[in-house]
Each structure stands twice: as structure tokens, then as C-alpha cells.
Amino acid sequence: MVPRRVRAASALLLGLTALAAASAPSAAVPGSATAPAAAGSVVADWARTTAQIVDREGSASEEVLWHALVSVGVYNAVVGIEGRYEPYRWRERAPRPASAEAAAATAAHDILRHTFPQAAAELAAAHAASLARVPDGPAEDAGVAFGRRAARHVVDLRAGDGFGVQVAFPHTPGTGVWRPTPPRQEPFASAWLGRLRPLLLDRPDQFRPGPPPALSSARYAADFDEVKKVGAKSGSRRTPAQTATALFFTKLDLQGALADRATRQRLDLVDTARLYAAVNTVQADAVIAAWDAKLRYGSWRPVTAIHEAATDGNPHTQPDPAWQPLLETPAHPDYLSGHATTAGALTRTLTLLSGTPRLDLRITSVVARATRTYTHARDYDRDAVDARVWAGIHTRTADTVGNATGQRVAAWALTRYFRPVRG
């Protein structure tokens, strides 16, 4: 882990906070399904604290990673005391008796305090509130001490991971190649994500897909035609329902949705900690996989493709220099869609954890100020893919291949991490 970076531009916020790692302080969303998990409320409490601090002190590109690191530190602290699941890259166990709740709160506090020292007073108050729910005595003291060890282990694991390092865009300007998009014309945001050491995967390119469709192909022309027709800011063939879906997926309160799921499924502290850790770490690695592909292929965004279609060599594409997307285009390449990649990672993680294809996800949009319930994974994946096309900021291929990649990341990771202890 490294000290915080400067806040990212709002276009990056649009692209990254819509990822399934997006999270907002739940109190800001009336009607949001964000009640804290009863038995695991300390986990939900610290997820909200993480969102509040990162939203104010960090940047959009950091948010998905901080949720992953805090939740995995909490997970290690809890299972190191209670057992049942394998710790994340750790073999330590706490002496008995030790309070798992005190350990969870301390691990979250220390990880955040390490990187956001300016929030020390706020974090200390949140830590004291968590410990106030734990009876004073040796178990509380032992839990605090073990939580500190769990936090330090996570901090040490992430040393030199590539966070925030300068990564140059590796492509020469030309037809089909990404370049800064209007209206902000900003350089490639957070390119370092594509070179960041993953939390679960062996390397960023482990599930790198093949290249996007060739500019001369029929598939490219079909993608082009669709986003041009239904993704335009004005004069679009998009229906009101499709517009609502595009806006809904702009920013989601995922951490609140996890709290709601844990409450409704009556998960205890151990299973709540596992839920958050699995979802957030897989989400983080899905972002890394998507950004690896963005760096590797560097494909231009729809707004550039439509403006400059006269140069693409495809007779089935027609330029429109005045075309604009419904939503502002984030400052990074089209393929893969990070939003769709993390959506696939989310649905596959939740269904693998529950052992059923039924998703059981109730999630709130911070921007649309509405809540949707998804019973089946396929419905969430479909809407997540469609949303980016209807918003005019991704081609369908970038979304569908991204969604499949995210599912592959989750399937691989969940066979190796957060598993029940044998016997």
C-alpha cells in the first residue's frame, strides 16, 4: 500500500465507481437497501466508513482497491479467531479467548489509518464505537492485538505492488487507437491499474481475451451501428426504460447491497466477513484484468470511432462529427469495459458463494436514487452490459467479452481462496 493520490477527474469517477466495486455512504441514498448485517454489522459499518473516507480523501481509482484491502484484513482477523474458512495468504491464529468483533474493527481501522493519517480522529472515533459493543476484558484486548497483526500483514503483502506508478500508453496514435475524448480531452486515467499486482490472480494478463473486432469486420460495423443509434445523447432510438437503465448503472452502492444480503440471509460475522472479502477482492482483480486489456489493445471509444468513421476503412460505417454519447466518456480505452467485467465478477462470486444460480441482489443506484432487485445473475449481467451501450460509452463486444472475463476471474479465484477449512 502507498499514500493516497490526488482525486481523479470526474470522468474517471463515472467509469470506475460504476464498477461493481462502487460504494457510497448509504445514509445519502433515501430508500437504499443498506441496513447493516445484524450479526456482522461491524463488517458493514467499516465498509461504510471506508467509502466515506476514500470518497473524501482518496480518488475513484482507489476505491475498489481499498474496499478489497480493508475487507480482506477484516476477513483474516475474523477467521483467524473463529476458523471455518482458510485465511487469505496467512497462517496465523489468535489465542483464545479473543473477540472477533474487536479484531475486525481494529484490522479495518489500522489499514485505513496507515494510508489516511489525516482521518485519524474520525477513524479513532469509529474504532471506539465498534469496541463499545464488545465487553471489556482479556478477550477484547486479545482481539485488538490480533486485528493489528492482521492489518499489518495486509499492509506488508501490498508493498511494492505498483499502486499509482507512472505507466505510459503503449500505442502509437492512429486509426482505431484510443485518444483523449471530448469534452475533457484527458489522458489515460489510472493506467497503472493494468500493471498492478493482483490480490488473487497470478498476474494481470492471466485471463486476457483476444483482440477486439478488426475495424474492417462485420462485427465491428454491427457494434458501431448499435451504439451510434441507441447511445446518442440526442436523437437516439433508446427507449425511456433503456435510458433509465443506463443512468441506474452509473454509480451503485454495492457495499450497502452486501449488507442487505447478509441481513436477509441471516449471515453470522464469519460468513459476512467472507462475503465482503470475496466480492471485493474479486472485483479488484476484475478491474486489473480489464485495465490490462485496455493497455494491451488500446481501442478507441465510440465517440471517436463515430466522429472519425471515414478513416476506418469499413464501408458499413458512416461518420457523424456532431454525435455525442448520453453519458460523458471516461478517460480510458473501450476494450474491455471495466463496468461489465466487474459485473460478471460480482454475479459469479455471489452465485458460487451461495451455491445457486439465483442472485438475490437488491442494489441501489446513487445517481438514479432507485433500488432494483435481481433474482437471477443473467438479468443483472444483461442490464450491466446493455447499460454501457445505451449510455453510448462502450461497444457491445467490449461489454460482453468483459463480462465473460469477469466471470472467469471469479470462477478461478473462488476455487483457491476463501474456501471452507477441510474437516
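In this text, all values refer to a predicted model and were calculated from it rather than measured experimentally. (Residues numbered from 1 in each chain as written. Predicted model: local features only at pLDDT ≥ 70, side-chain atom pairs only at ≥ 80, totals over all residues. Heavy atoms only, no water.)

Next up on the list: the overall build of the protein. Counting its regular elements, the protein contains 14 helices and two strands. Sequence-distant contacts, at least 24 apart, represent 81% of the contacts inside the protein between residues at least 6 apart. Of the roughly 15700 Å² of accessible surface on the protein, 53% is carried by carbon and sulfur atoms. (Helix = DSSP H or I, 4+ residues; strand = E, 2+ residues; numbered from the N terminus. Contact = heavy atoms within 4.5 Å. Areas by Shrake-Rupley, 256 points an atom, 1.4 Å probe, with all protein chains shown as cover.)

Attention shifts here to the packing of aromatic side chains. Enumeration according to the criterion identifies 17 aromatic pairs in this entry. A ring pair is formed by Phe163 and Trp192, whose centres lie 4.5 Å apart and whose planes are at 40°; its orientation type is tilted. Residue Phe163 is found in the loop between α6 (138-157) and α7 (218-230), and its partner Trp192 is found in the loop between α6 and α7; the two are separated by 29 residues along the sequence. On the accessibility criterion, Phe163 (7% relative accessible area) is buried. Relative accessible area serves as the criterion here: at 9%, Trp192 is assigned to the buried category. Between Phe169 and Trp178 the ring centres are 5.5 Å apart and the planes differ by 75°, which places this aromatic pair in the edge-to-face class. Using a relative accessible area of 23% as the deciding quantity, one classes Phe169 as partly exposed. For Trp178, a relative accessible area of 6% corresponds to the buried category. (Phe/Tyr/Trp six-rings, centres within 6.5 Å; stacked < 30°, edge-to-face > 60°. Buried < 20%, exposed > 50% of the residue type's maximum accessible area, 1.4 Å probe, protein only.)

Moving on: the pattern of salt bridges. Tallied over the full model, the rule gives 25 salt bridges. For Arg264, the salt bridge identified is with Asp360, shortest N-O distance 2.7 Å. Separated by 96 residues along the polypeptide, Arg264 in helix α9 (residues 254-264) and Asp360 in strand β1 (residues 358-365) bring together distant segments of the chain. Linked through salt bridges whose partners overlap, the residues forming this network are Asp45, Arg48, Glu101 and Arg133. (Salt bridge = Lys/Arg side-chain N within 4 Å of Asp/Glu carboxyl O.)

For the structure on display, the rule yields five cavities of 30 Å³ or more. Roughly 70 Å³ of volume is contained in the largest cavity. Along the walls of the largest cavity sit Val43, Trp46, Ala47, Thr50, His67, Val70, Ser71, Val74, Tyr276 and Asn280, which together make up its complete lining. Of all the secondary-structure elements, those providing two or more residues to the lining of the largest cavity are α2 (41-57), α3 (60-82) and α10 (269-297). Tallied by class, the residues present in the lining of the largest cavity amount to six nonpolar, four polar and no charged. (1 Å grid on protein atoms, 1.4 Å probe; cavity = no way out; pocket = protein on both sides within 12 Å on 5 of 7 lines; lining within 4 Å. Points joined across faces, edges and corners; volume = space filled by probe spheres on them. Nonpolar A, V, L, I, M, F, W, Y, C, P; charged D, E, K, R; others polar.)

Moving on: the pairing of strand β2 (residues 370-376). Alignment of β1 against β2, held across six bridges, turns out to be antiparallel. If you follow Arg362 over to β2, its bridge partner there is Thr373. If you look at the hairpin formed by β1 and β2, you'll find four residues sitting between the two strands, and Arg369 has a positive phi there, around 55°. (Pairing = 2+ DSSP bridges.)

Taken as a whole, the second largest pocket encloses approximately 260 Å³ of empty space. Pro212, Leu215, Tyr220, Ser299 and Trp300 are, among the 24 residues lining the second largest pocket, the residues nearest its centre. Of all the secondary-structure elements, those providing two or more residues to the lining of the second largest pocket are α7, α11 (302-307) and α14 (396-414). With four residues, α7 is the largest single contributor of residues to the lining of the second largest pocket. Taken together, the residues of the lining of the second largest pocket break down into 14 nonpolar, seven polar and three charged.

Across the interface, α2 lies against α10 with an axial gap of 8 Å and an inter-helix angle of 30°. Judged by the inter-axis angle, α2 sits roughly parallel to α10. Each of Val42, Val43, Ala44 and Ala47 in α2 lies in contact with α10, whose residues at this interface are Leu269, Thr272, Ala273 and Tyr276. A per-class count over the contact of α2 with α10 returns seven nonpolar, one polar and no charged. (Axes fitted to C-alpha atoms, helices over the stretch in contact; angles between N-to-C directions. Parallel < 35°, antiparallel > 145°, perpendicular 65-115°, else oblique.)

Below, the discussion takes up α10. Along its 29 residues, α10 runs 42 Å from first to last C-alpha, staying within 8% of the 42 Å computed at 1.5 Å per residue. With 28 of 29 residues buried, α10 lies mostly within the body of the structure. Sitting at the head of α10, Asp268 places a side-chain oxygen 3.2 Å from the backbone nitrogen of Val270. Once α10 finishes, Gly298 follows within two positions and takes phi at roughly 55°, a positive value. (Expected span 1.5 Å × (residues − 1). Polar contact = N/O pair within 3.5 Å; in protein donor to acceptor, adjacent residues only side chain to side chain.)

The contact between helix α4 (residues 100-115) and helix α5 (residues 120-131) brings their axes to 9 Å, and the two run at 175°. When the axes of α4 and α5 are compared, the pair comes out roughly antiparallel. Taken together, the residues of α5 that come into contact with α4 (itself represented by Glu101, Ala102, Ala105, Thr106, His109, Leu112 and Arg113) are Ala120, Leu123, Ala124, His127, Ser130 and Leu131. By residue class, the composition of the contact of α4 with α5 is seven nonpolar, four polar and two charged.

Turning next to the side chain of Asp253. Tracing the backbone shows Asp253 in the loop between α8 (240-248) and α9. For the buried Asp253, no salt bridge exists, and the shortest N-O distance to an oppositely charged side chain is 7.6 Å, to Arg48. In this structure the side chain of Asp253 is engaged in a polar contact, spanning 3.0 Å, whose partner is the backbone nitrogen of Gly256. (Lys, Arg positive; Asp, Glu negative; His and termini not counted.)

As for its position among the elements, Thr281 is in helix α10. Thr281 gets classed as buried once you look at its relative accessible area, which sits at 0%. For the pair Thr281 and Val70, spaced 211 residues apart in the sequence, the C-alpha separation amounts to 9.8 Å. With near-sequence residues (within four places) excluded, Thr281 lies in contact with Ala68, Val72, Leu199, Leu200 and Phe418.

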